[in-house]
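Descriptive analysis of the structure
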Amino acid sequence: MKPHPLLLGILAVQLALGILYSFAVPLWQGHEADYYNVVRFLDQNGRLPNATDFPNGDAEIRQATHPPLYFLAAYPFVAAFPHDEPVPPGAQPALICVGANDINAAYTPYPPTRAYLPPYSGAAAAGYALRLFNVALGMAGVVFTYLAGRTLFPSRTAVALAGAALLAFEGNMVRLNGGISNDTLLITLSALNLWCCALLVRRFQWRVLALLVISVALALLTRLGGWALLAFDLPF
């Protein structure tokens, strides 16, 4: 299937927005520092953390209880930029993350170190690399969404382009794709899963079914929300 010129345009604009957002918004918003520190723990200890590594009982708040796939995928980006200093703590919304010690401002200002000025190094470089990794994952999700639309509506390209544009430019998705979290990976796997479902609706193929099962398995290894994907696929 030849890529539509408008799809390439959507991806180009999405890439530009993702890069702009990633570098315009200060690092370590929300739980970004928590995700980074879990990967940093993996780099330093050769294993993922568990509840016993958080004596204050805040392993869940610190994002240390998620399934491992995102942390393993993010590991090379952190390992490539070794840094001994811990990053600033993430912002903990009071009503969502009950039990957090501190409630920070909506935006964490840059720490006054040269690592946060170009050329980036250490934790700052790893943080930006993880953000750009999510941008790339988000672009893959847009492609899968487009393919699902083309499969279901082969004569109506506008439907596929509209779905791709909605996923690329919806405000919350721009924020997610430009941040550090496992949400974008789950959404991309969901888009892949949707494409597989569309293919199976058109014509049953064992290799497509195998890819469907793989996408569900990877989603389960990304976030607990992956179980919803499994429930969605049961009819297939």
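Moving on to the environment of threonine 157. Structurally, threonine 157 is set in helix 5 (residues 157–169). Accessibility expressed as a relative area gives 21% for threonine 157, which makes it partly exposed. Sequence separation between threonine 157 and tyrosine 146 is eleven residues; the distance between their C-alpha atoms is 8.8 Å. Those residues within four positions of threonine 157 in sequence are excluded, and the remaining contacts are His4, Tyr146 and Arg150.

The first and last C-alpha atoms of helix 8 (residues 206–220) sit 21 Å apart over 15 residues, in line with the 21 Å expected at 1.5 Å per residue. Of all the positions in helix 8, only Val208, Leu209, Leu212, Ser215, Val216 and Ala219 are classed as buried. For helix 8, the buried positions fall inside an angular range of 120° around the axis, keeping them on one side. In helix 8, the exposed residues that point more than 90 degrees away from the buried face are Trp206, Arg207 and Val213. Along its buried surface, helix 8 packs onto helix 7 (183–202) and helix 9 (226–233).

On to the layout of surface pockets, then. Leftover empty space is mapped by rolling, across the atoms, a probe with the size of a water molecule. For the second largest pocket, the calculated volume is near 180 Å³. In terms of lining, the second largest pocket is formed by Asp34, Asn37, Val38, Phe41, Pro49, Asp53, Phe54, Asp58 and Arg62.

This brings us to the nonpolar core. The tendency in soluble globular proteins is for nonpolar side chains to be buried as a group. Ranked by size, the top nonpolar core spans 27 residues in total, and within it Trp28, Tyr36, Tyr70, Phe71, Leu130 and Ile180 carry the most contacts. Not counting chain neighbours up to four residues away, the residues in contact with phenylalanine 71 comprise Tyr35, Val38, Val39, Leu42, Leu48, Gln63 and His66.

The next thing to look at is the packing of helix 3 (residues 69–79) against helix 4 (residues 122–152). Where helix 3 meets helix 4, the closest approach of the two axes is 9 Å, and the angle between their N-to-C directions is 130°. Accordingly, the angle class assigned to the pair helix 3 and helix 4 is oblique. Seen along the crossing, helix 3 lies across helix 4 with a hand that is right-handed. Facing helix 3, whose interface residues are Tyr70, Ala73, Ala74, Phe77 and Val78, helix 4 presents Ala126, Ala129, Leu130, Phe133 and Asn134. When grouped by side-chain class, the residues that make up the contact of helix 3 with helix 4 number nine nonpolar, one polar and no charged.

The rules behind the values
Residues numbered from 1 in each chain as written. Predicted model: local features only at pLDDT ≥ 70, side-chain atom pairs only at ≥ 80, totals over all residues. Heavy atoms only, no water. Helix = DSSP H or I, 4+ residues; strand = E, 2+ residues; numbered from the N terminus. Buried < 20%, exposed > 50% of the residue type's maximum accessible area, 1.4 Å probe, protein only. Contact = heavy atoms within 4.5 Å. Expected span 1.5 Å × (residues − 1). Arc of directions from axis to C-beta. 1 Å grid on protein atoms, 1.4 Å probe; cavity = no way out; pocket = protein on both sides within 12 Å on 5 of 7 lines; lining within 4 Å. Points joined across faces, edges and corners; volume = space filled by probe spheres on them. Core = buried A, V, L, I, M, F, W, Y, C linked by side-chain atoms within 4.5 Å. Axes fitted to C-alpha atoms, helices over the stretch in contact; angles between N-to-C directions. Parallel < 35°, antiparallel > 145°, perpendicular 65-115°, else oblique. Left-handed = near helix turned anticlockwise from the far one by under 90°. Nonpolar A, V, L, I, M, F, W, Y, C, P; charged D, E, K, R; others polar.

So yeah, pure geometry; function would need other evidence.
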